[in-house]
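Take a look at the letters that make up each chain.
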Amino acid sequence: MSDLVRIRAARQEEYEVLVELAIRAYQEYSSEFSEEGWLRYQESIRSAICEPSEVTKLVAVLHDALVGLVLLYPPYEVEIHGHLLRNDYPEFRFLAVDPARRNCGAGARLIEACESLAAEMGFARLSLHTTNMMKTAKQMYERRGFERYPSIDFELSPGVMVLGFIKELPVTAGV
């Protein structure tokens, strides 16, 4: 079925639908957060998708229905809880597939698109962050060749570690 999944840039008029899709996809983790924490997480999803930025926003489409999304961020430096976090590689975030459409290949196709874009930009690596509570996602990333990259780990809140992963990308001719 993954042959039927198309990847394309998100359109601004789709942003609210994508926010709802992402919240549905991450709903299974809501019990891991306090009520206030879950509301903050939903707001971070909304702002990441809806606010203008240099982020590449990709969607997966199956039979003309939006079934997934991912955000690809350029390298960055950010201060988190008084510590400077620097990532010299593109990073994908908020990979989300509609729970009713899981296992259709959308997640894999979105990751492949991020890998291709990062390589086309001349980067030798692609990074991501996840947490231990996202066990299925973590296993999927490891199966796809992502390895732990602790230099970009950070503590989101007391006791909640966000873990960095990185993948070596194939060398692209002409880059």
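Just so it is clear, the model here is predicted, and its values are computed rather than measured. (Residues numbered from 1 in each chain as written. Predicted model: local features only at pLDDT ≥ 70, side-chain atom pairs only at ≥ 80, totals over all residues. Heavy atoms only, no water.)

1. A word on the nonpolar core
Next, step 1: Membership of the largest hydrophobic core comes to 51 residues, with the highest contact counts inside it found for Tyr-26, Ile-49, Leu-69 and Phe-92.
Next, step 2: For this core, the element with the most residues is helix H1 (residues 15-26), which contributes 8 residues.
Next, step 3: The contacts of Phe-92, once residues within four sequence positions are left out, are Val-70, Leu-71, Leu-72, Ile-111, Cys-114, Leu-126, Ser-127, Leu-128, His-129, Tyr-141 and Phe-146.
Next, step 4: In this structure, Tyr-76, Ile-80, Leu-85 and Phe-154 belong to the second largest nonpolar core, which totals 6 residues. (Core = buried A, V, L, I, M, F, W, Y, C linked by side-chain atoms within 4.5 Å. Buried < 20%, exposed > 50% of the residue type's maximum accessible area, 1.4 Å probe, protein only. Helix = DSSP H or I, 4+ residues; strand = E, 2+ residues; numbered from the N terminus. Contact = heavy atoms within 4.5 Å.)

2. Some details on the pattern of salt bridges
Next, step 1: In this structure the tally under the stated criterion is 15 salt bridges.
Next, step 2: Across the pair Arg-11 and Glu-14 runs a salt bridge, and its minimum N-O distance is 3.7 Å.
Next, step 3: Residue Asp-153 is joined to Arg-148 by a salt bridge in which the shortest nitrogen-to-oxygen separation is 2.6 Å.
Next, step 4: Look at Arg-148 and you get partly exposed, because its relative accessible area is 35%. (Salt bridge = Lys/Arg side-chain N within 4 Å of Asp/Glu carboxyl O.)

3. Structural notes on H1
An α-helix turns once per 3.6 residues; consequently, residues spaced three or four apart project the same way.
Next, step 1: The end-to-end C-alpha distance of H1, which contains 12 residues, comes to 16 Å, matching closely the 16 Å that a straight helix rising 1.5 Å per residue would cover.
Next, step 2: Among the residues of H1, Tyr-15, Leu-18, Val-19, Leu-21, Ala-22, Ile-23, Ala-25 and Tyr-26 are the ones counted as buried.
Next, step 3: Structurally, H1 contributes buried residues whose contacts are with helix H2 (35-50), strand E2 (56-62), strand E3 (65-73) and strand E6 (91-97). (Expected span 1.5 Å × (residues − 1).)

4. Some remarks on the packing of aromatic side chains
Geometry of an aromatic ring pair is reported as the spacing of the ring centres plus the angle between the planes.
Next, step 1: One pass over the structure, following the stated rule, counts 11 aromatic pairs.
Next, step 2: Here the aromatic rings of Tyr-26 and Tyr-41 are separated by 5.8 Å at their centres, their planes lie at 75 degrees, and the arrangement is edge-to-face. Placement of Tyr-26 in helix H1 and of Tyr-41 in helix H2 is noted, with a sequence separation of 15 residues between them.
Next, step 3: A residue is classified by how much of its surface remains accessible, and Tyr-26, at 8% relative accessible area, is buried.
Next, step 4: Members of the aromatic cluster, connected to one another through ring pairs, are Tyr-26, Tyr-29, Phe-33, Trp-38, Tyr-41 and Phe-94.
Next, step 5: We note Arg-148 situated over the ring of Phe-165; from NZ or CZ to the ring centre the distance is 5.4 Å. (Phe/Tyr/Trp six-rings, centres within 6.5 Å; stacked < 30°, edge-to-face > 60°. Lys NZ or Arg CZ within 6 Å of the ring centre and 35° of its normal.)

5. Structural notes on the environment of Phe-33
Next, step 1: Inspection of the secondary structure puts Phe-33 in the loop between H1 and H2.
Next, step 2: Distance from Phe-33 to Val-160, taken between C-alpha atoms, is 9.6 Å for residues 127 residues apart in sequence.
Next, step 3: Setting aside residues no more than four positions away along its own chain, Phe-33 makes contact with Trp-38, Tyr-41 and Met-133.

6. A few points about the pairing of E6
Along any regular strand the residues' side chains alternate between the sheet's two faces.
Next, step 1: For E6, the buried fraction is high: 6 of the 7 residues fall into the buried class.
Next, step 2: Where E3 lies against E6, 5 bridges are found, and the strand directions are antiparallel. When the bridges of E6 are listed, Gly-68 appears paired with Val-97.
Next, step 3: Running through helix H3 (residues 106-120), the crossover from E6 to the neighbouring parallel element strand E7 (residues 125-130) is right-handed. (Pairing = 2+ DSSP bridges. Right-handed = clockwise from strand over helix to strand, strands pointing away.)

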